[in-house]
Amino acid sequence: MTKLKPCPFCGKQPKMLNEYMFSRAREATQIVCKCGSGIIVYGKSSKKFNDEERESTAIRAWNTRVGDRDD
Ligand SMILES: [Zn+2]
(Lines give C-alpha, C1' and ligand atoms only; values in the text may rest on other atoms or scores of the structure.)
Protein backbone atom coordinates (compact mmCIF):
# COMPACT_ATOMS: atom_id res chain seq x y z
CA MET A 1 0.00 0.00 0.00
CA THR A 2 1.14 3.54 -0.71
CA LYS A 3 2.55 5.31 2.29
CA LEU A 4 1.09 8.44 3.73
CA LYS A 5 3.24 11.48 3.33
CA PRO A 6 3.91 13.61 6.37
CA CYS A 7 1.66 16.56 7.07
CA PRO A 8 2.49 19.61 4.92
CA PHE A 9 1.75 21.93 7.83
CA CYS A 10 3.60 20.41 10.74
CA GLY A 11 5.66 17.58 9.24
CA LYS A 12 4.20 14.87 11.48
CA GLN A 13 2.82 11.55 10.32
CA PRO A 14 -0.99 11.61 10.08
CA LYS A 15 -3.32 8.83 11.22
CA MET A 16 -5.84 6.93 9.17
CA LEU A 17 -9.20 6.01 10.69
CA ASN A 18 -12.15 4.08 9.38
CA GLU A 19 -15.48 5.11 10.77
CA TYR A 20 -19.15 4.63 10.14
CA MET A 21 -20.71 8.05 9.61
CA PHE A 22 -24.28 7.96 10.82
CA SER A 23 -25.00 11.39 9.43
CA ARG A 24 -24.37 10.09 5.94
CA ALA A 25 -25.24 6.45 6.53
CA ARG A 26 -22.03 5.24 5.04
CA GLU A 27 -18.51 4.37 5.94
CA ALA A 28 -15.72 6.84 5.68
CA THR A 29 -11.96 6.92 5.86
CA GLN A 30 -10.36 9.89 7.49
CA ILE A 31 -6.76 10.95 7.45
CA VAL A 32 -6.11 13.31 10.29
CA CYS A 33 -3.15 15.06 11.79
CA LYS A 34 -2.68 16.28 15.33
CA CYS A 35 -2.41 19.85 14.06
CA GLY A 36 -6.00 19.70 12.79
CA SER A 37 -5.49 19.23 9.09
CA GLY A 38 -7.11 16.27 7.44
CA ILE A 39 -9.28 14.84 4.73
CA ILE A 40 -12.25 12.53 4.61
CA VAL A 41 -13.34 10.10 1.91
CA TYR A 42 -16.86 8.69 2.01
CA GLY A 43 -17.82 5.33 0.66
CA LYS A 44 -20.25 5.22 -2.22
CA SER A 45 -23.85 5.01 -1.10
CA SER A 46 -25.14 2.44 -3.54
CA LYS A 47 -22.39 -0.11 -3.48
CA LYS A 48 -20.10 -0.60 -0.59
CA PHE A 49 -16.50 0.30 -1.21
CA ASN A 50 -14.18 -2.21 0.22
CA ASP A 51 -11.96 -0.75 2.91
CA GLU A 52 -8.78 -1.15 0.98
CA GLU A 53 -10.13 0.68 -2.02
CA ARG A 54 -11.43 3.53 0.10
CA GLU A 55 -8.20 3.72 2.05
CA SER A 56 -6.09 3.92 -1.08
CA THR A 57 -8.38 6.66 -2.39
CA ALA A 58 -7.89 8.56 0.85
CA ILE A 59 -4.14 8.07 0.77
CA ARG A 60 -3.99 9.28 -2.82
CA ALA A 61 -6.07 12.33 -1.94
CA TRP A 62 -3.88 13.14 1.03
CA ASN A 63 -0.64 12.66 -0.84
CA THR A 64 -1.89 14.73 -3.76
CA ARG A 65 -2.88 17.51 -1.44
CA VAL A 66 0.51 17.33 0.21
CA GLY A 67 2.14 18.12 -3.08
CA ASP A 68 4.59 16.27 -5.24
CA ARG A 69 3.36 12.99 -6.66
CA ASP A 70 5.60 10.05 -7.09
CA ASP A 71 3.20 7.26 -8.00
ZN1 LIG B 1 -0.07 18.41 10.84
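Quick caveat: nothing in here was measured; it's all calculated off a predicted structure. (Residues numbered from 1 in each chain as written. Predicted model: local features only at pLDDT ≥ 70, side-chain atom pairs only at ≥ 80, totals over all residues.)

Asker: So what exactly am I meant to see when it comes to the overall build of the protein here?
Answerer: Within the protein, the regular secondary structure consists of one helix and three strands. Looking at the 71 residues of the protein, the share that counts as buried comes to 15%. (Helix = DSSP H or I, 4+ residues; strand = E, 2+ residues; numbered from the N terminus. Buried ≥ 20, exposed ≤ 12 C-beta atoms within 10 Å, placed from the backbone.)

Asker: Hey, could you run me through the sheet that holds strand S3 (residues 38–42) in this one?
Answerer: Strand order across the open sheet formed by three strands is S1-S2-S3, with antiparallel pairing between neighbours. In this open sheet, the two edge strands, each paired with only one partner strand, are strand S1 (15–21) and S3. On average, each strand axis in the sheet is tilted by 20 degrees relative to the strand beside it, whichever way the strands run. Across five bridges, strand S2 (residues 26–32) lies against S3 in antiparallel orientation. (Pairing = 2+ DSSP bridges. Axes fitted to C-alpha atoms, helices over the stretch in contact; angles between N-to-C directions.)

Asker: So what exactly am I meant to see when it comes to the environment of Val-32 here?
Answerer: As for its position among the elements, Val-32 is in strand S2. A sequence separation of 16 residues divides Val-32 from Met-16, and the C-alpha atoms of the two residues are 6.5 Å apart. Those residues in contact with Val-32 that sit more than four places away from it in its chain are Pro-14, Lys-15, Leu-17 and Gly-38. (Contact = placed C-beta atoms within 7 Å.)

Asker: Help me understand the nonpolar core, please; the structure alone is not making it clear to me.
Answerer: Generally speaking, nonpolar side chains in soluble globular proteins are found buried as a group. Formed by Ile-31, Val-41, Ala-58, Ile-59 and Trp-62, the largest nonpolar core amounts to five residues. Each residue touching Ile-59, except ones within four places of it in the same chain, is listed here: Thr-2 and Leu-4. (Core = buried A, V, L, I, M, F, W, Y, C linked by C-beta atoms within 7 Å.)

Asker: What is the right way to read the pairing of S2 from this model?
Answerer: Every other side chain in a regular strand lies on the same face of the sheet, so the side chains alternate between the two faces. By the bridge criterion, seven bridges tie S1 to S2 in an arrangement that is antiparallel. Bridging across to S2, Glu-19 finds its partner in Ala-28. Counting the residues between successive antiparallel strands, the hairpin from S1 to S2 contains four residues, one of them, Ala-25, with a positive phi of roughly 55 degrees. Hairpin connection from S2 to S3: five residues lie between these consecutive antiparallel strands, with Gly-36 at a positive phi of about 110 degrees.

Asker: Please explain unusual backbone geometry as it appears in this structure.
Answerer: Excluding glycine, residues mostly have negative phi values, and the peptide bonds linking residues are mostly trans. A positive phi angle, close to 55 degrees, is found at Ala-25, a residue other than glycine. Checked against the element boundaries, Ala-25 lands in the loop between S1 and S2. Exposure remark for Ala-25: the 10 C-beta atoms within 10 Å place this residue in the exposed category.

Asker: So what exactly am I meant to see when it comes to the environment of Pro-14 here?
Answerer: Note that Pro-14 resides in the segment before S1. Among the residues examined, Pro-14 registers 22 C-beta atoms within 10 Å and is labelled buried. Expressed as a C-alpha distance, the spacing of Pro-14 and Gln-30, which sit 16 residues apart in the sequence, is 9.9 Å. Apart from residues no more than four positions distant in its own chain, Pro-14 is found in contact with Leu-4, Cys-7, Ile-31, Val-32, Cys-33, Gly-38 and Trp-62.

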